[in-house]
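Architecture and fold: a report
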Number of protein chains: 2
Amino acid sequence: MPLCADPPKITVYNTASRGLEIFQPHEEKHVKMYVCGPTVYDSAHLGHARTYIAFDAIIRFLESVGYRVTYVRNITDVGHLRETGEDRMIHGATRERKHPMEVADKYMMEFFKDMDMLNIRRPNIQPRASMHIVEIIEMVQGLISRGYAYRVDGSVYFDIMKVDDYGKLSGIRREELDRHRIEPDPRKRNSADFALWKEAPPDYPLSWPSPWGRGFPGWHIECSVMSMKYLGEQIDIHGGGQELVFPHHENEIAQSESFTGKKPFVKYWLHTGELTVGGRGMHKSLGNFITIRQALQNYDADTIRLFMLSSHYRSPLDYSESSMRQALENIMRIRGLLDHVNSLLAETKDDVDIDAEEREFLSKVEATRLGFIRAMADDFNTPEALSQLYELVRHSNSFINKRSKISSQVLQSISKNILDLCNSIGLLLDYKPPKLAADAEKLLDILIEVRAELRRRSMYDLSDTIRSRLSEIGLIVEDTREGTRVRVAR
Amino acid sequence: MPLCADPPKITVYNTASRGLEIFQPHEEKHVKMYVCGPTVYDSAHLGHARTYIAFDAIIRFLESVGYRVTYVRNITDVGHLRETGEDRMIHGATRERKHPMEVADKYMMEFFKDMDMLNIRRPNIQPRASMHIVEIIEMVQGLISRGYAYRVDGSVYFDIMKVDDYGKLSGIRREELDRHRIEPDPRKRNSADFALWKEAPPDYPLSWPSPWGRGFPGWHIECSVMSMKYLGEQIDIHGGGQELVFPHHENEIAQSESFTGKKPFVKYWLHTGELTVGGRGMHKSLGNFITIRQALQNYDADTIRLFMLSSHYRSPLDYSESSMRQALENIMRIRGLLDHVNSLLAETKDDVDIDAEEREFLSKVEATRLGFIRAMADDFNTPEALSQLYELVRHSNSFINKRSKISSQVLQSISKNILDLCNSIGLLLDYKPPKLAADAEKLLDILIEVRAELRRRSMYDLSDTIRSRLSEIGLIVEDTREGTRVRVAR
């Protein structure tokens, strides 16, 4: 069931135009979306979680109001260099004394699991850079033949002076460009030209034959190639972290549009703000580096998501334990209302027509629902949408508390609206206290202990109640000479 | 801790020699192993589970006796044709109206999860065929230049008449070859020649440029390429289902050895027997097709594994509900002994020297342990190894039952041996009755209910015991006007 009968008018902030625009994908009700994925040389951290949760909420909301979303998120397993010029995959391979593709496999599998654990909808396609060496070579050849790229020995560079509007996404000025280049190759035409293909040293483990000799792709070209291969020459949304605006996305535009004869590559560029910890960017050296894995040991997926969505996706967001506890409180509050409503519904047998007060309450519910949708349609303003949701929780709680009797229609409406809104941004509300599941055996121990004590006191009615209630849930209590045992009924 | 101080002498049945051989990898204590992975166009079924569990038990056993195993299992996402000549990925894409790479992604992710759920150790590298188009083209070029392959328009075929020992793995006779060919191309030199590269129809979604025009790789070449890339020209173990012996593995040998100048490609060829259901091969049309997913809804990973290992990996194995129930019984029996031993250990405080009867029992334990290792070292004879394990369980149970007191050293030895042996073939014994975890909330409900009744009867000492025992495991009981609620302590 869609969240509303007609898709609302959605506005999005486009990094390219630096302003809000009406959202109108190329195809009616179909969104083609590409988000830059991780370089799989290390564990994913909360910064990754922030970006992918933010885009997940956007995707889920678009889907919940009637769009089909074809979502591609890549896996970078070659060509993404560190500031030292070393490939991140080679760095990981040296660190772990493994083949780079073994490192890629390890962290890719870990990443897949992290994303599943965070309840992030799987992309339709998760292409790997190394799957597209042929297509990358083809595109580089195309850029050379169109005059946008040139060869220097075994490497190929993109000539940024051939593109009049280079810098249009980031707004970077030509005179600033030099400061950003890490490549020292003095044979480049312009110091800001970037590599499409790099010559590899002899016996380099991540290299392939090409018309220019053995080498490997530059980092930027992979996204142009994979986006074009799976989504076509023109896509609707391209997303990523803010730090990718320049040079990564700027260069993607230059490559893609030069290749396709200036067809606008991306309609809407969306970028997520930075996640800081204690006001500073996460760095292993600062000791404030938190992996997704670590976070999931302390908090469930809904809590992490609620924290991430408590700030607008474009704003910076600071991680702290107190913010996480606040998020957990909020999840528990929503969940508590749902539990309460469900228990009231279980007791409400005879249904009657709703009265005037209830009608008025239902119109408030509808108003907050619309307020939520309006907030999400306004550049996916999750903090505002959440405040509408909290409003709904508050109203519902106070309405339930002041009334001695509530009709099931009203209770169902509360439950349905809470679930609809939460699910539309990926909150499942299936929260169980993390320890509770693991403690089933301990709970059973307490029950058996209490039952033994009741038997010692000859209170057999109560000890038998325990036995029969356990048998109802499939646990058979057996008293043997060695003590009481519980086995599972088959 | 390794299972034994020195690796035992292991013998393996080699399909190539049709006999048992002493296992001696190329590198001391390091095994390079390649197993053919799934074609990801549909859900994996119990036949896949059988093969990958069998090889997992082999790998875990090798690792538990001191070998390092570098394990590569590929993902086939192009080039594996159906009998109709249609690529399985295209077949899946048509069925689901998706891009073939979206189908690949969907079933690959599902497969990864299935393997994790079955507790199958992740391979070191899981390369995809589509990641190696460049290397495939290089190898095909190499085979052409060495005179083993020839071009026919946009396709390239391997000339089996150039290989004297073609058929050495499967033992197939030249005159039988014709019957197995599905390719109708009349321009082939010999009807049994197989495709290394196939010309693609126009606008074919799974095609790449090559020296012979746009096309795609044949199925067999990918495994030669990926095995060589990640494990080198000569590997120790190559595994797969029996149905792959011919033509897939036969052709891998022909390609690989022709390319490397006749270096023996694989030292030991291991093949798993067929899994049948009701005596017949699994087929969707027969209604006896069971996905891994479905099986995991009814049985836990240990039960499925024990069933699979109850037959020797080379023998056919018939799936039935009664065999599965038998496997579950056996797991419960092992688990029951462990539980019993652990509870006895908890009661055994004062430790005394073991007596003569215990010493005799411990030597029996050691004998079954050695029997288990001997069975596994004899071509990974899991049914015999399991019978040693059951012997150990039986002996232990009867020893425990007949003795009034057992020293903790003996109890620990039982527990350690059971765990060592089970873990060495991938049985975790962390089996919890599937319902128990989910029932934590129900158990809590019963406790709260009993506590309320105790309070009604003014038995506050017992009701307070329940409260304090719950608080010990982090659950805070709060009595409110609306009733009793339990919250998680933070």
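Keep in mind it's a predicted model, so treat the numbers as computed, not measured.

A count of helical and extended segments in chain A gives 16 helices and 15 strands. Over its C-alpha atoms, taken along the principal directions, chain A stretches across nearly 95 × 65 × 40 Å. Taken over 490 residues, chain A has a buried fraction of 60%. Pairs at least 24 apart in sequence give 75% of the contacts found in chain A among residues at least 6 apart. Accessible surface for chain A amounts to roughly 20,500 Å². Of this, 49% is attributable to carbon and sulfur atoms. Looking at chain A, you have 66 positive and 71 negative side-chain charges, and the mean spots of the two groups are 2 Å apart.

Let's shift gears to empty space enclosed by the protein. A probe matching the size of a water molecule, rolled over the atoms, marks out where space remains unfilled. Tallied over the entire structure, the rule returns five cavities of 30 Å³ or more. Lining the largest cavity we find Arg 50, Ala 54, Ala 57, Ile 58, Met 308, Leu 309, Ser 311, His 312, Tyr 313, Phe 380 and Thr 382 of chain B. At the level of secondary structure, the elements contributing two or more residues to the lining of the largest cavity comprise helix 1 (46-64) and helix 9 (301-309) of chain B. Considering each element in turn, the lining of the largest cavity owes the most residues, four residues, to helix 1 of chain B. Contributing to the lining of the second largest cavity are Ala 54, Ala 57, Ile 58, Met 308, Leu 309, Ser 311, His 312, Tyr 313, Met 376, Phe 380 and Thr 382 of chain A.

What follows covers the environment of Glu 199 of chain A. All names here are of chain A. Along the chain, Glu 199 turns up in strand 7 (residues 194-199). Its relative accessible area of 42% is what places Glu 199 among the partly exposed residues. The spacing of Glu 199 and Asp 379 is 180 residues in sequence and 43 Å in space, taken between C-alpha atoms. Residues contacting Glu 199, with those up to four places away along its chain left out, are Asp 153, Gly 154, Ser 155, Arg 214, Gly 215 and Phe 216. At 3.3 Å, the side chain of Glu 199 and the backbone nitrogen of Gly 154 are in polar contact.

Turning our eyes to something else, we now look at the packing of helix 2 (residues 88-96) of chain B against helix 3 (residues 100-117) of chain B. Residue and element names in this part refer to chain B. Running from amino to carboxyl end, helix 2 crosses helix 3 at an angle of 95°, the nearest separation of the two axes being 8 Å. The angle between the axes of helix 2 and helix 3 places the two elements in the roughly perpendicular class. The segment helix 2 lies against helix 3, with Met 89, Ile 90, Gly 92, Ala 93, Arg 95 and Glu 96 engaging Pro 100, Val 103, Ala 104, Lys 106 and Tyr 107. Class assignment of the residues belonging to the contact of helix 2 with helix 3 gives a composition of seven nonpolar, one polar and three charged.

Let us look at the relation of the copies chain B and chain A. Between chain B and chain A, the superposition needs a rotation of 179° and an axial shift of 0.2 Å, giving an RMSD of 0.5 Å. In short, the pair behaves as if placed about a two-fold rotation axis. Most of the interface of chain B is mirrored in chain A: 98% of its interface residues are interface residues there too.

What follows covers the domain arrangement of chain A. Annotation of chain A at the domain level lists domain 1 (11-319), domain 2 (334-423) and domain 3 (438-488). Using only C-alpha atoms to locate each centre, domain 2 of chain A and domain 3 of chain A end up separated by 40 Å.

So, about the sheet that holds strand 8 (residues 215-217) of chain A. Residues and elements named next belong to chain A. Strand order in this open sheet of four strands is 5-6-7-8, and the pairing throughout is antiparallel. With one partner strand each, in any of the chains shown, strand 5 (149-152) and strand 8 form the two edges of the open sheet. Each neighbouring strand pair of the sheet contributes to a mean axis angle of 20°, computed without reference to strand direction. As judged from the three bridges shared by strand 7 and strand 8, these two strands associate in the antiparallel manner. The residue bridging Glu 199 from the neighbouring strand is Gly 215, located in strand 8.

Criteria and thresholds
Residues numbered from 1 in each chain as written. Chains lettered and ligands numbered in written order. Predicted model: local features only at pLDDT ≥ 70, side-chain atom pairs only at ≥ 80, totals over all residues. Heavy atoms only, no water. Helix = DSSP H or I, 4+ residues; strand = E, 2+ residues; numbered from the N terminus. Buried < 20%, exposed > 50% of the residue type's maximum accessible area, 1.4 Å probe, protein only. Contact = heavy atoms within 4.5 Å. Areas by Shrake-Rupley, 256 points an atom, 1.4 Å probe, with all protein chains shown as cover. Lys, Arg positive; Asp, Glu negative; His and termini not counted. Charge placed at Lys NZ, Arg CZ, Asp CG, Glu CD. 1 Å grid on protein atoms, 1.4 Å probe; cavity = no way out; pocket = protein on both sides within 12 Å on 5 of 7 lines; lining within 4 Å. Points joined across faces, edges and corners; volume = space filled by probe spheres on them. Polar contact = N/O pair within 3.5 Å; in protein donor to acceptor, adjacent residues only side chain to side chain. Axes fitted to C-alpha atoms, helices over the stretch in contact; angles between N-to-C directions. Parallel < 35°, antiparallel > 145°, perpendicular 65-115°, else oblique. Nonpolar A, V, L, I, M, F, W, Y, C, P; charged D, E, K, R; others polar. Least-squares fit on C-alpha atoms with pLDDT ≥ 70 in both. Domains from an automatic or database assignment. Pairing = 2+ DSSP bridges.

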